[in-house]
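Structural overview
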Amino acid sequence: MIALKILAIGVIIYLVWALTFHKSDKSLTLVIYLEYLLTAALVLILLMGVLI
Amino acid sequence: MTWHKWFIPHKDTHKKAHLISWEALLIYVLFFMALQVGFSIVSYTKPGILGISSNIDQKEVIELTNKEREKKGLPAVKENEALDRAAELKAQNMFAENYWAHFAPYGKSPWDFILGTGYKFTFAGENLAKNFYSSDDVVKAWMQSPTHRDNLLNSNYRDIGIAVVEGILNGQKTTLVVQEFGTTEYLAQRPSVNVQGKSVTVPPQDLFNKPQLSVSTLETNNIKSLFDPFKVSKITGYSVILLIASLLIIDVIVLKKRGVFRLSSKHIAHMALLSLAAGSLFLATPGAVL
């Protein structure tokens, strides 16, 4: 469960960084947003499938 | 043939390879969700097909427990036949009534099993574990959990009983480990049982009514699970992470060679998250303690 907590924190940092960076860069599109969101969802589902 | 579009960016538009497009990511997410739903369906329709095969030895768990106690300067606990029997009854009851808890849904408490075997304790405790691969993994997991560690290292205990029982729980082949501690020495208090860090005083009426426990023999010798859901999830997880990471690296190399810029999400961020996920998967172990 510690691994899941670490990954959850990592995912939050990843998404916040992505939003901040692409907004300031004026490059945030729906496709880019979806790529980050789906990558985050994928890694969380991967680990939850193993641990729960 | 346009097979290379799946692995490298498009030669004219430089669009990402199909296998790392957002559509592919969505398919991976749906695939892993379907895998978990599939496990639940198989567990329900074909009990015992899924499960973990353990190699846990009852005597080894006692030895490892005493090693941990010795490290803290505590007296070793001695194996007690009545507590062994109580632990076995508890494990059998969890399989029979299909639950994973200290208190059974139909009312049986940890002390029912201990008193039922004739062990008149003044202080007792119970630790549970399921689905670990080895004795060492079980004791390590108990030591990593503060409440279980406190129970294992309690100086009041003199006796121990352990049961390692295989059966089917929630449709999956499961190995349950039940650890019962106790002492019959007089302690200046009413008999109590330590579960999950809480000391529960045994109701006086339970002390005088020896519970009638039905003993059932589990048919566990023929249980042979075909798939270990933990290993299947871990291997497919590693495979997808490796595939995405490799394609991201190829994407960077190809675009650099072509000398083109593409408005896209940042590969370094994806790689960092994928590395964290791979590390977390590596650290993940099966099993749970209660």
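Residues numbered from 1 in each chain as written. Chains lettered and ligands numbered in written order. Predicted model: local features only at pLDDT ≥ 70, side-chain atom pairs only at ≥ 80, totals over all residues.

Brief notes about the overall build of chain B
Scanning chain B for helices and strands turns up 9 helices and 7 strands. Judged by the C-alpha coordinates and their principal axes, chain B covers about 85 × 45 × 30 Å. Counting the 290 residues in chain B, one finds 37% classified as buried. Across chain B, contacts joining residues at least 24 apart in sequence account for 78% of those joining residues at least 6 apart. (Helix = DSSP H or I, 4+ residues; strand = E, 2+ residues; numbered from the N terminus. Buried ≥ 20, exposed ≤ 12 C-beta atoms within 10 Å, placed from the backbone. Contact = placed C-beta atoms within 7 Å.)

Some thoughts on the interface of chain B and chain A
In this complex, chain B contributes 26 residues to the contact, which on the side of chain A involves 25 residues. Of the residues in the side of chain B that touches chain A, the class split is 18 nonpolar, 7 polar and 1 charged. (Nonpolar A, V, L, I, M, F, W, Y, C, P; charged D, E, K, R; others polar.)

Observations regarding helix α1 (residues 22-45) of chain B
The terminal C-alpha atoms of α1 of chain B lie 34 Å apart, and with 24 residues this matches the ideal 34 Å at 1.5 Å per residue to within 8%. Within α1 of chain B, burial applies to Leu 25, Tyr 28, Val 29, Phe 32 and Ser 43 of chain B. Looking at the buried residues of α1 of chain B, the elements they touch are α2 (30-51) of chain A together with β4 (172-183) and α8 (229-258) of chain B. (Expected span 1.5 Å × (residues − 1).)

Observations concerning the packing of α2 of chain A against α8 of chain B
Packed helices, taken two at a time, are described by the angle their axes make and the gap between the axes. It is the contact of α2 of chain A with α8 of chain B, at a shortest axis distance of 8 Å, that shows an interaxial angle of 160°. Relative to α8 of chain B, α2 of chain A is oriented roughly antiparallel. Relative to α8 of chain B, the crossing made by α2 of chain A is left-handed. Here Leu 46, Gly 49 and Val 50 of chain A of α2 of chain A lie close against α8 of chain B, whose contacting residues are Phe 230, Ser 233, Lys 234 and Gly 237 of chain B. Along the lines of polarity and charge, the residues of the contact of α2 of chain A with α8 of chain B split into 3 nonpolar, 3 polar and 1 charged. (Axes fitted to C-alpha atoms, helices over the stretch in contact; angles between N-to-C directions. Parallel < 35°, antiparallel > 145°, perpendicular 65-115°, else oblique. Left-handed = near helix turned anticlockwise from the far one by under 90°.)

Considerations on the confidence of the model for chain B
All names here are of chain B. With 91% of its residues at a pLDDT of at least 70, chain B reaches an overall mean of 86. No element of chain B has a lower mean pLDDT than helix α7 (residues 204-208), which averages 62, and none a higher one than helix α2 (residues 58-71), which averages 95. Contacts from residues 214-218, a stretch scored under 50 in pLDDT, to residues over four places away or in other chains number 7 contacts. Taken together, the chains of this predicted complex give a pTM of 0.79 and an interface ipTM of 0.95. (pLDDT = per-residue confidence, 0-100.)

Thoughts on α2 of chain B
Residues and elements named next belong to chain B. Taking 1.5 Å of rise per residue, 14 residues should cover 20 Å, and α2 covers 20 Å from first to last C-alpha, within 8% of that figure. If you check which residues of α2 are buried, you get Val 61, Ile 62, Leu 64 and Thr 65. In a view along the axis of α2, the buried residues occupy a sector of 165°, so they form one face of it. Of the exposed residues in α2, those oriented more than 90 degrees away from the buried face are Lys 59, Lys 67, Glu 70 and Lys 71. (Arc of directions from axis to C-beta.)

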